[in-house]
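# Per-entry structural report
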Amino acid sequence: MQPISGTTRLAGVIGHPLAHSLSPAMHNAVYEELGLDWVYVPLHVKDEIGLRRVVAAIQSLPFMGFNVTMPFKQAMLELCDEVAMAASMAGAVNTVHCVDGRLVGYNTDGRGLLEALKDEAGFEPAGKDVVICGAGGAAGAALVGLMLAQAASITIVNRNIDGAEELLDRVRPHMNAVRVQAVSAMAAEETVRAADLLVNATPVGMRPDDDSPIPVQWVGPGQVVYDMIYGRTTALVSGARAQGALALDGLGMLVAQGATAVDIWNESKQVRASRATMRAAAEAQLTAHEQDGR
Ligand code: NAP
C-alpha cells in the first residue's frame, strides 16, 4: 500500500456487515498501481441513523468518493445531491462521487454486469431474452443495464410480485421497445427455458445449504447463467453447468463495478483501473478468508 501522508485522500465502503468485503483489497491494490495517493477503508454502519451520520461526516472530510453496499443502496439515493439517471431508474446508489462538497450518486452494478457478461461469456444483450431473479437493488441495476443495452425482453421473477411491478413501473417510461413482465417463480418455467440469459440477483445461494432460486432443470445448453453471488459455487452455478449451460459467478461483476467507481473518481480518465489487478487482489482475499475459515 502507498504510504499514508497528510495529503492522502479517502475512499471507502459503507455497509453492514463488511467483514467479508473484498472492496478494500481490490481498491487499495489498484490505487497503488495507478500511483494514486488514496486509501480505501471499510465504514461499518449498523443502521440508517448511522448511515446519515457517516455521510454527513464524509462531506467534511477529504473523500474522493465512496461505495455503498447492502443494506443501504436504496437509502443512499435520498442522501445524494444529484443522482445519475441509471441509479435513479434502478432505485439504488452504489457509488458516490464527492464533488466540491456535493454528493453525486451513480449505480455501477449494471455496467459491472454487462462488462462481466461480455468479457467472460462473450454475451451481448441486444435482441436477447433475459430473466432476472429478484427485484431489489441489484436486480434494478441489472434491469436498467440490460434495458439500455437493448435486450428484447426482460422478465423479473420475484417472490413478491408487487415489488417486481413497482420496479417495472419505475423503468417503464424509459423502456423503448423492451418487453417486460413480472412473474412468480412457479409460473416462470416456460420463460426461463426460452431465455438466452438468466441472472440471479437474490441472495439465495449465499448460505451453504441454500438451493437454487429456480429449478436448474429449466436451464440447458446455449444459455448463459449469471449468479451475482461470488466466493462460493452456488447450487445454481453447479446445477446449470451440469445441465450444459455456461454459468458464471458474480466476481467479474464485483470487480467491474469497483473498477468503474475508480474510473469515476479518478477524473483525469487517462488510465482505466486495471480489472486484472483488482480481480487478483479479490481472489487473494477470498483465499485468505478460506484459510482463516471465515
Ligand atoms: P436486496 O435489495 O435485499 O434484494 C434482494 C432480492 O432477493 C429481493 O427481490 C428479494 O425478494 C429476493 N430474495 C431475498 N431472499 C429471498 C429468498 N429466500 N427467496 C427468494 N427471493 C429472495 O439485495 P440486493 O442488493 O439486490 O442484492 C442481491 C444479491 O446480489 C446479494 O446476494 C448481493 O450480494 C448480490 N450482489 C452482487 C453484486 C456483484 O457485484 N456481484 C452486486 C450487487 C449485489 P422480495 O422482494 O420478495 O423480498
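Residues numbered from 1 in each chain as written. Predicted model: local features only at pLDDT ≥ 70, side-chain atom pairs only at ≥ 80, totals over all residues. Heavy atoms only, no water.

On to the overall build of the chain, then. Looking only at helices and strands, one finds eleven helices and twelve strands in the chain. Against the compact-globule benchmark of 19 Å for 294 residues, the chain has a radius of gyration of 19 Å, which places it among compact chains. Taking the principal axes of its C-alpha atoms as reference, the chain extends roughly 60 × 45 × 35 Å. Within the chain, buried positions represent 52% of all 294 residues. Long-range contacts, defined here as pairs at least 24 residues apart, represent 67% of the contacts in the chain between residues at least 6 apart. As presented, the chain carries roughly 13300 Å² of accessible surface, and 51% of it is formed by carbon and sulfur atoms. Considering the chain, the positive charge centre built from 22 side chains and the negative charge centre built from 32 side chains are found 1 Å apart. (Helix = DSSP H or I, 4+ residues; strand = E, 2+ residues; numbered from the N terminus. Rg over C-alpha atoms; globule rule 2.2 N^0.38 Å. Buried < 20%, exposed > 50% of the residue type's maximum accessible area, 1.4 Å probe, protein only. Contact = heavy atoms within 4.5 Å. Areas by Shrake-Rupley, 256 points an atom, 1.4 Å probe, with all protein chains shown as cover. Lys, Arg positive; Asp, Glu negative; His and termini not counted. Charge placed at Lys NZ, Arg CZ, Asp CG, Glu CD.)

A separate point is the domain arrangement of the chain. Looking at the assigned domains, one finds that the chain contains domain 1 (9–107 + 252–292) and domain 2 (110–249). Here domain 1 and domain 2 have C-alpha centroids that lie 24 Å from each other. Summed over both sides, the interface of domain 1 with domain 2 buries roughly 1700 Å², with 63% coming from carbon and sulfur. By the criterion of area lost to domain 2, the three top residues of domain 1 are M89, A90 and M253, representing 38% of everything that side buries. (Domains from an automatic or database assignment. Buried area = accessible area lost by both parts, 1.4 Å probe.)

So, on to the sheet that holds strand β2 (residues 38–44). With mixed pairing, the six strands of this open sheet are ordered in space as β2-β1-β3-β5-β6-β4. Both outer strands of the open sheet, β2 and β4 (82–83), are each paired with one neighbouring strand and no more. Bridging between β4 and strand β6 (residues 102–106) involves two bridges; their strand directions are parallel. The partner of E82 across the bridge, within β6, is V104. (Pairing = 2+ DSSP bridges.)

Before going further, it helps to spend a moment on the pattern of salt bridges. Applying the stated criterion across every chain yields a total of ten salt bridges. Here R279 makes a salt bridge to E120, at a shortest N to O gap of 3.6 Å. Pair noted here: R279 is in helix α11 (residues 275–292) and E120 is in helix α5 (residues 109–121), with a separation of 159 residues, a long-range link. Of the residues examined, E120 reaches a relative accessible area of 31% and is grouped as partly exposed. Between R275 and D263 there is a salt bridge whose closest N-O contact spans 3.1 Å. Highlighted residues: R275 in helix α11 and D263 in helix α10 (residues 251–265), separated in sequence by twelve residues. (Salt bridge = Lys/Arg side-chain N within 4 Å of Asp/Glu carboxyl O.)

Here we come to the sheet that holds strand β8 (residues 153–157). Ordered in space as β9-β8-β7-β10-β11-β12, the six strands form an open sheet in which the pairing is parallel. At either end of the open sheet lies a strand with only one pairing partner, and these are β9 (179–183) and β12 (246–248). Adjacent strand axes in the sheet meet at a mean angle of 15 degrees, parallel and antiparallel pairs treated alike. In the sheet, strand β10 (residues 197–200) pairs with strand β11 (residues 224–227) via four bridges, with the strands oriented parallel. Across the sheet, residue L197 finds its bridge partner in β11, namely V224. Together, β10, β11 and β12 form the strand contacts of helix α9 (residues 235–242), whose direction differs from that of β12 by roughly 165 degrees. (Axes fitted to C-alpha atoms, helices over the stretch in contact; angles between N-to-C directions.)

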